[in-house]
Amino acid sequence: GAVVSQHPSRVICKSGTSVKIECRSLDFQATTMFWYRQFPKQSLMLMATSNEGSKATYEQGVEKDKFLINHASLTLSTLTVTSAHPEDSSFYICSARSGTANQPQHFGDGTRLSIL
Amino acid sequence: GDSVTQMEGPVTLSEEAFLTINCTYTATGYPSLFWYVQYPGEGLQLLLKATKADDKGSNKGFEATYRKETTSFHLEKGSVQVSDSAVYFCALAGGYQKVTFGTGTKLQVIP
């Protein structure tokens, strides 16, 4: 159980394009979803936390107009990278959790975003 | 604030060797502790967890014991396999929504 599906797994697109990444909890209701960015050989950097039906809470230094997050239902959150540029190229990972903070997060398989 | 410190990698072991990856933490209150594993090109998978002092989490031969007195949650496995090669992240969940991750330790097991 506790499966999180993230897609696409890989995106290659031109600079200036907007890219949408979906994160779905398949067999549980995710009251909270998280979006992370991971640079090569580094740990995860939390970008934002979203609760269903509420605006996302962004971490310091993360541009909310650049990285649009929508958490419209208990099973779906989306991250849209608007007007992507090469410096946005990275590995983006979502996670989902039901209940409180002491419950584990369940992760998607990540999206490799490459902006040309 | 909360923090997690992991031993730096990479750790290279021969197959069937004993594994220890150290993890210590700083947190207020009584956090829950986790180990996650990330295989190449994939997201993270929960490996094991412990929610209170002296709890032992275990899964797939891996174990970690929540030691409040030493604020540690070291990951151990008695006999590693090539398939265990991955990056391992120690993490804690404190009183708020955020989970704090360590920097990850890359394990490479050679035949």
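Our structure's up above, just so we're on the same page.
Residues numbered from 1 in each chain as written. Chains lettered and ligands numbered in written order. Predicted model: local features only at pLDDT ≥ 70, side-chain atom pairs only at ≥ 80, totals over all residues. Heavy atoms only, no water.

*Asks:* Tell me what's going on with the overall build of chain A, and back it up with residues and numbers.
*Replies:* A count of helices and strands for chain A gives zero helices and eleven strands. The N-to-C order of helical and strand elements in chain A reads β-β-β-β-β-β-β-β-β-β-β. Taking 13 Å as the expected radius of gyration for a compact globule of 116 residues, we find that chain A reaches 13 Å, a close match to that expectation. For chain A, the spread of C-alpha atoms along the three principal axes comes to 40 × 25 × 25 Å. Looking at chain A as a whole, 52% of its 116 residues qualify as buried. For chain A, restricting intrachain contacts to residue pairs at least 6 apart in sequence, the fraction spanning at least 24 positions comes to 55%. As displayed, chain A offers around 5600 Å² of accessible surface, 49% of which is attributable to carbon and sulfur atoms. Chain A carries 11 positive and 9 negative side-chain charges, and their two centres are separated by 4 Å. (Helix = DSSP H or I, 4+ residues; strand = E, 2+ residues; numbered from the N terminus. Rg over C-alpha atoms; globule rule 2.2 N^0.38 Å. Buried < 20%, exposed > 50% of the residue type's maximum accessible area, 1.4 Å probe, protein only. Contact = heavy atoms within 4.5 Å. Areas by Shrake-Rupley, 256 points an atom, 1.4 Å probe, with all protein chains shown as cover. Lys, Arg positive; Asp, Glu negative; His and termini not counted. Charge placed at Lys NZ, Arg CZ, Asp CG, Glu CD.)

*Asks:* Tell me about the pairing of strand S8 (residues 62-65) of chain B, and please be specific about residues and values.
*Replies:* Residue and element names in this part refer to chain B. Where strand S7 (residues 56-59) lies against S8, four bridges are found, and the strand directions are antiparallel. Paired with Asn59 across the two strands is Phe62, which belongs to S8. Between S7 and S8, which pair antiparallel and follow one another directly, the connecting turn spans two residues, one of which, Lys60, has a positive phi of 55 degrees. Bridge count for S8 against strand S9 (residues 75-77) is three bridges, and the pairing is antiparallel. Paired with Ala64 across the two strands is Leu75, which belongs to S9. (Pairing = 2+ DSSP bridges.)

*Asks:* Talk me through the sheet that holds strand S3 (residues 19-25) of chain A; I want residue IDs and the actual numbers.
*Replies:* All names here are of chain A. Reading across the sheet, the four strands line up as S1-S3-S8-S7 and stay open at both edges, with antiparallel pairing between neighbours. A single partner strand is all that each edge strand has here, and the edge strands are strand S1 (4-7) and strand S7 (67-73). Here the strands of the sheet are splayed against their neighbours by 15 degrees on average, with no regard to which way each runs. (Axes fitted to C-alpha atoms, helices over the stretch in contact; angles between N-to-C directions.)

*Asks:* Tell me about the layout of surface pockets, and name the residues and values.
*Replies:* Residues and elements named next belong to chain B. Approximately 680 Å³ is the volume found for the largest pocket. Mapped by element, the contributors of at least two residues to the lining of the largest pocket are strand S10 (86-93) and strand S12 (105-110). The dominant element in the lining of the largest pocket, judged by the number of residues it contributes, is S12, at four residues. Grouping the constituent residues of the lining of the largest pocket by class yields ten nonpolar, eleven polar and five charged. (1 Å grid on protein atoms, 1.4 Å probe; cavity = no way out; pocket = protein on both sides within 12 Å on 5 of 7 lines; lining within 4 Å. Points joined across faces, edges and corners; volume = space filled by probe spheres on them. Nonpolar A, V, L, I, M, F, W, Y, C, P; charged D, E, K, R; others polar.)

That is the geometry; function is a separate question.
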